[in-house]
Amino acid sequence: MSTREREGWPDVVKGVCIILVVLWHVVVKHSSHLPWSGADGIPQLWTLVSAQLLPLRMPLFFLVSGMFAAGVVLAPERTRLGERALRLGLLYVLWVVIQTFALAVAGPEFDTARATDLGGLLLNLTVSPTNLWYLLALALYLVIGRITRGVPTAVLLPVAFAISAIAAAGALPDWGNLWQVVQNVFFFLAGLRLRPQVRRLAERRPGRRTAVALAAAYVAGLVLVSLLDAREWFGVWTLLSTLAVAAGVSICALVDRWEPVAAPLRWVGQRTLPIYVIHMIPLALVDRMLRDVDGWVFSGPVLAVIEPPLVVAVVIAASLGAHALLMRAGARALFDPLVLRPVRSRTGSHAGR
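Residues numbered from 1 in each chain as written. Predicted model: local features only at pLDDT ≥ 70, side-chain atom pairs only at ≥ 80, totals over all residues. Heavy atoms only, no water.

Enquirer: Looking at this model, I keep getting lost on the overall build of the chain. Mind explaining?
Expert: Helices and strands together make up the secondary structure of the chain, namely 18 helices and zero strands. For 353 residues, the compact-globule formula gives about 20 Å, and the C-alpha radius of gyration of the chain, at 21 Å, lands near that figure. For the chain, the spread of C-alpha atoms along the principal axes amounts to about 80 × 50 × 45 Å. The proportion of buried residues among the 353 residues of the chain is 46%. Of the roughly 17,600 Å² that the chain leaves accessible, carbon and sulfur atoms contribute 67%. When the 32 basic and 20 acidic side-chain charges of the chain are each reduced to a single mean position, those positions are 14 Å apart. (Helix = DSSP H or I, 4+ residues; strand = E, 2+ residues; numbered from the N terminus. Rg over C-alpha atoms; globule rule 2.2 N^0.38 Å. Buried < 20%, exposed > 50% of the residue type's maximum accessible area, 1.4 Å probe, protein only. Areas by Shrake-Rupley, 256 points an atom, 1.4 Å probe, with all protein chains shown as cover. Lys, Arg positive; Asp, Glu negative; His and termini not counted. Charge placed at Lys NZ, Arg CZ, Asp CG, Glu CD.)

Have a look at this one:
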């Protein structure tokens, strides 16, 4: 991608998606468990609204991830793709271990899946991924994209769609987030193979009407799926996610033209990794502190409305602050494990010159 595109709507997409990921965790793992009173169902409304974005958050994230990876994955010459996949895999292993021990200290009663013994940790590292599953999935998707680069798009994407539809229909065993790893492969490969088409959608004019129409279609699809209880019908969820992704691309491209909002979203979007790997730990700390507050504090609709966004802001700021401190302390390997590789000596290559 060009510099402008790299700094434009794709980073707005990443910024929006990581904020929505943190919001989802704040709502379902924290806010919904507080002793609310007189809040008129607002905590439940937060949960309901956040749940309606499930077809959007990670599929859209993976679509853009596929677009960014296209240059490396589809290149005819040898690339450093294996190194990138290894880095992501090592990051997953490293942060699953860190998070397992950190959450045991920061929030022993925090409501999130984590290992309590060695067997559980081994499962988390293999067939039962934790909330950090995006790293594992992306490493696998890079390899899959490279292996299948010779397969025609007209063949690859329908096969990927069918695989995603099977996972979305609940056909896989209930092993942590494994189903999400399988379900989202279609959207990564779509970003990989359909990058020009996605870019044309983002650049389409007049963008406002397109964005509104796609968003309305997505809302209508959500209502229809709910009325028919069609969540696990084959292909329905993947089609709904496809509609959500199209709406998300169009809306984020529109937002990218509004600099006061786009600039901070781009800034966050360029820092998704530290937010993603760290955010559950400060969230567990916030949850622990607020649960020790007297219950009378959690009363009234105003606090119920603003509490989740406030916690999201605190958690993201804490994650980025922790990242800055760790980098300053020389802990770069926590975010790029391959920096620990031994440096090859170049003495021999210079000796004959």
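Enquirer: Looking at this model, I keep getting lost on a nonpolar patch on the surface. Mind explaining?
Expert: A cluster of nonpolar residues, Val219, Val223, Leu224, Leu227, Leu228 and Trp233, forms a patch on the protein surface that exposes about 620 Å² of accessible area. Checked against the element boundaries, Val223 lands in helix α12 (residues 207-228). (Patch = residues over 30% accessible without salt bridge, like charges linked within 9 Å, V, L, I, M, F, W, Y side chains within 5 Å. Salt bridge = Lys/Arg side-chain N within 4 Å of Asp/Glu carboxyl O.)

Enquirer: Where do I start with the environment of Leu192 in this structure?
Expert: When you line up the elements, Leu192 lands in helix α10 (residues 185-193). Judged by its relative accessible area of 3%, Leu192 falls in the buried class. C-alpha separation for the pair Leu192 and Thr153, spaced 39 residues apart in sequence, amounts to 9.8 Å. Dropping the residues within four chain positions of it, Leu192 is found in contact with Gly66, Met67, Ala69, Ala70, Val73, Leu74 and Gly145. (Contact = heavy atoms within 4.5 Å.)

Enquirer: Whenever I open this one, helix α2 (residues 9-29) confuses me. Can you help?
Expert: Helical periodicity: at 3.6 residues per turn, an α-helix aligns residues three or four positions apart in one direction. Given a rise of 1.5 Å per residue, 21 residues ought to cover 30 Å, and the 30 Å separating the end C-alpha atoms of α2 matches this to within 8%. Burial within α2 is extensive, with 17 of its 21 residues counted as buried. (Expected span 1.5 Å × (residues − 1).)

Enquirer: Honestly, the side chain of Ser31 in this entry has me stumped. Any pointers?
Expert: Counting through the fold element by element, Ser31 comes out in the loop between α2 and α3 (42-51). In this view, Ser31 contacts Val26, Trp36, Glu307 and Pro308; residues no more than four positions away in its chain are not counted.

Enquirer: How do you make sense of the pattern of salt bridges when you look at a structure like this?
Expert: Opposite charge on two side chains lets them pair, provided their charged atoms get close. Scanning the entire structure with this criterion turns up seven salt bridges. Between Arg87 and Asp336 there is a salt bridge whose closest N-O contact spans 2.5 Å. On the criterion of sequence distance, the pair formed by Arg87 in helix α5 (residues 81-106) and Asp336 in the loop between α17 (301-328) and α18 (347-351) is long-range, its members being 249 residues apart. Look at Asp336 and you get buried, because its relative accessible area is 13%. Ionic pairing is found between Glu259 and Arg266, a salt bridge with its closest N-O pair at 3.0 Å. Its relative accessible area of 42% is what places Glu259 among the partly exposed residues.

Enquirer: Honestly, the side chain of Ser319 in this entry has me stumped. Any pointers?
Expert: Of note, Ser319 is situated in helix α17. Under the relative-accessibility criterion, Ser319 is labelled buried at 0%. Once residues within four sequence positions are removed from consideration, Ser319 is found in contact with Pro274, Ile275, Ile278, His279 and Pro282.

Enquirer: Quick question: what am I supposed to make of α12 here?
Expert: In this model α12 runs 31 Å from its N-terminal to its C-terminal C-alpha over 22 residues, within 8% of the 32 Å that 1.5 Å per residue would give. Buried within α12 we find Gly207, Thr210, Ala211, Leu214, Tyr218, Gly221, Leu222 and Val225. The buried side chains of α12 occupy one side of the element, clustering within an arc of 110° when seen end-on. Opposite the packed face of α12, turned more than 90 degrees from it, sit the exposed residues Arg208, Arg209, Val212 and Leu227. Of the residues flanking the end of α12, it is Asp229, one or two places downstream, whose phi is positive at about 50°. (Arc of directions from axis to C-beta.)

Enquirer: What exactly am I supposed to notice about the nonpolar core here?
Expert: Of all hydrophobic cores here, the largest spans 88 residues; its most connected members are Trp9, Phe62 and Phe188. In this structure Trp9 touches Val64, Met67, Val198, Arg199, Ala202, Val249, Cys252, Ala253 and Asp256, once residues within four positions along its chain are discounted. (Core = buried A, V, L, I, M, F, W, Y, C linked by side-chain atoms within 4.5 Å.)

Enquirer: How should the packing of aromatic side chains be read in this particular structure?
Expert: Each pair of aromatic rings is reported with the distance of its centres and the angle of its planes. Tallying each qualifying case throughout the model produces ten aromatic pairs. On the basis of an interplanar angle of 65° and a centroid distance of 5.1 Å, the ring pair of Phe62 and Tyr141 is categorised as edge-to-face. Separated by 79 residues along the polypeptide, Phe62 in helix α4 (residues 57-73) and Tyr141 in helix α7 (residues 133-147) bring together distant segments of the chain. Taking the relative accessible area as the measure of exposure, Tyr141 reaches 2% and is therefore buried. Every member of this aromatic cluster is reached through a ring pair, and the members are Phe61, Phe62, Trp133, Tyr134, Tyr141, Phe188 and Tyr276. Against the face of Trp237 rests Arg231, its NZ or CZ located 3.8 Å from the ring centre. (Phe/Tyr/Trp six-rings, centres within 6.5 Å; stacked < 30°, edge-to-face > 60°. Lys NZ or Arg CZ within 6 Å of the ring centre and 35° of its normal.)

Enquirer: Explain the confidence of the model for the chain to me, please; I cannot follow it from the model alone.
Expert: Regions with low pLDDT carry predicted coordinates that are not meant to be interpreted in detail. In this model, the chain carries an average pLDDT of 91, and 94% of its residues clear a pLDDT of 70 or more. Below pLDDT 50 for its whole length, residues 1-5 participates in nine contacts with residues either more than four positions away or in separate chains. Predicted confidence is poor over residues 345-353, with pLDDT under 50, and the contacts of this stretch with residues over four places away or in other chains come to zero contacts. (pLDDT = per-residue confidence, 0-100.)

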